[in-house]
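Examination of the molecular architecture
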Amino acid sequence: MSDSAGGGESGGVLGGGQDAETDTEPPQQVPLTEENALDLGRTSEEEGETSAKRPRLNEEEQGLEQIAKPTEMDDTTPAQPAQRTGEQTQSEEEGEGEVPIHTGREEKCHQNGDGAHDASLDKEETKKEEEHNGDSPADSPGEGQHLSLDFTQSPQMLTGSWTEFASVPENYLKGCKWAPDGSCILTNSADNVLRVYNLPPEIYSYNWDLLPEMSPVLRMAEGDTIYDYCWYPKMNSLDPDTCFLASSSRDNPVHVWDAFYGEVRASFRPYNHLDELTAAHSLCFSPDGTQLYCGFDKTVRVFYTDRPGRDCEERPTIVKKQGQSGIISCFGFSPCQSVYACGSYSRCAGLYSCQDGTLLALLPTRHHGGLTHLLFSPNGNYLYTGGRKDPEILCWDLREPGKVVFSLKRNVATNQRIYFDLDQSGRYLLSGDTEGVVSVWDTQTALPDGQEELLQPQLRFKAHWDCTNGISIHPFMPLLATSSGQRQFPWPGDSEGDSASDGEGGEAAMSLQETRQDNTLSLWWAGLLGPAAGEEQEHSSAEVES
């Protein structure tokens, strides 16, 4: 489906964005009902007739070192999100893609623990304090549906998608993002197509050996290289009006896509000082969904979601030669304060006021490459930043701007954006690297009052044979989504006219290059393994709970 910028703007009707009646509504969550509530944390005595099957592990995954001690789990019940049907793959439906976008709901502040900074307490005291303060994982947005992550062992691969990306040469992925309601996954790839995958329903019944390869239910084709993409933060599959996402591509306006029918619902057209259409390098909705922030060279443009077109607010990041230079490459919003952070290719990050874009603080230049991704901790006190061709993820204490609490080492030898993600409690940070290894850090093991230190990973496992560029943690289930691939450059011996390309030497080089390619979306289970995991797993779980 090629994009239609003109038709998207004229057809996209966005209304009800400032409805006062919705201003006090909490963020929508998937409702918990008797029909869709499945207790994934039950013991073997409670479901003796149901036996979960563990998927097979690769020898490479089993061989990587596991570092940390067992962590504590909670035993709660997730709800099964609404699934898309076959009708939703018909993007040619007329009129259905022109549903108004409703915004304006108030964003809750996630108080889910203090992340890296409660480590002076032991695990027992930490859990008691969190429960006393209402900061336990059960208080996260899942609200009783949350299942804790378990990184005492390597996650189990459930299924994935690989055939979808094999038809086009070098069609490597460029990241993956769970929908805010956890019902589906959004991917970006080198063929400039955004794909939406539904969460397989077999996951809820532990029938993991029956999981087929995942196939996309939607394909949304942009006209050129996709720079960035993001979900509408209030997206809920039970309300089609909220099911949309935004994307930005080279030489194109910002498109808002209907996530049920794959049509362009609206367009935002940024123009430069020469009145030429210019593409946004980064995108991010405000937490309440009423605004769309777009990053440009030394400028941030803010569009209102209910007013598509070219009208926007311009916020320069440099005023009187003072401020943050470079292309604004990534955004992040504080969950508790009216503050947002901008990362730029000038290797620094800045904190700004959401009201008028005033620069509040400019963090020191510590990264070796331009910033490509940043995240706030759930309590809003810490900011994590990572860059391209940069071996570190830095944790900044925003209560003392400029102070680095600790650093996390990862192998990033490419300009490609390598995502990282935090769980809802802010305790675990996960990131892939260019070698295909995913590292898991327990931020609570950092010393709260000590000097800056290098935090060692709790767990490392081989997720892909190629660069693991994307990782996303499910909002309330112990599920991980990872994406892999990178641009492959010819080996020196593969050039034409070179004697090394002839004979056995050239074939060996080419076969080595082919084995490194792994363009895959993978789904992983990172929770307790269920009844069929064996008595040893049950005893260890009982010890942790006690």
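Below you will find a few notes about this structure. (Residues numbered from 1 in each chain as written. Predicted model: local features only at pLDDT ≥ 70, side-chain atom pairs only at ≥ 80, totals over all residues. Heavy atoms only, no water.)

Spatially, four strands are ordered 24-25-26-28 in an open sheet, and the strand pairing comes out antiparallel. The open sheet has two edge strands, strand 24 (420–422) and strand 28 (459–462), and neither has a second partner. Taking each pair of neighbouring strands and ignoring which way they run, the sheet shows an average axis angle of 15°. As paired strands, strand 26 (residues 437–442) and strand 28 are joined by four bridges and run antiparallel to one another. If you follow V438 over to strand 28, its bridge partner there is F461. (Pairing = 2+ DSSP bridges. Helix = DSSP H or I, 4+ residues; strand = E, 2+ residues; numbered from the N terminus. Axes fitted to C-alpha atoms, helices over the stretch in contact; angles between N-to-C directions.)

Applying the stated criterion across every chain, the model contains 13 aromatic pairs. Look at F151 and Y428: their rings are 5.0 Å apart centre to centre, the planes differ by 70°, and that puts the pair in the edge-to-face class. Placement of the pair is F151 in the loop between helix 3 (123–133) and strand 1 (156–161) and Y428 in strand 25 (residues 428–431), with a sequence separation of 277 residues. Overall, F151 belongs to the buried group, its relative accessible area being 1%. Y428 sits in the buried class, given a relative accessible area of 4%. Between F244 and F285 the ring centres are 6.1 Å apart and the planes differ by 75°, which places this aromatic pair in the edge-to-face class. (Phe/Tyr/Trp six-rings, centres within 6.5 Å; stacked < 30°, edge-to-face > 60°. Buried < 20%, exposed > 50% of the residue type's maximum accessible area, 1.4 Å probe, protein only.)

The sheet built from four strands is open, its strands ordered 2-3-4-5 with antiparallel pairing. The sheet is open, and its two edges are formed by strand 2 (173–178) and strand 5 (218–221), each paired on a single side. The average angle at which neighbouring strand axes cross in this sheet is 20°, direction not considered. Sheet analysis places strand 3 (residues 184–189) next to strand 4 (residues 193–198), joined by five bridges and oriented antiparallel.

This next bit is on the environment of K298. Inspection of the secondary structure puts K298 in the loop between strand 11 (291–296) and strand 12 (299–304). Aside from chain neighbours lying at most four places away, what touches K298 is P316, T317, I318, Q324, S325 and G326. Within the structure, K298 has its side chain in polar contact with the side chain of D297 (distance 3.2 Å). (Contact = heavy atoms within 4.5 Å. Polar contact = N/O pair within 3.5 Å; in protein donor to acceptor, adjacent residues only side chain to side chain.)

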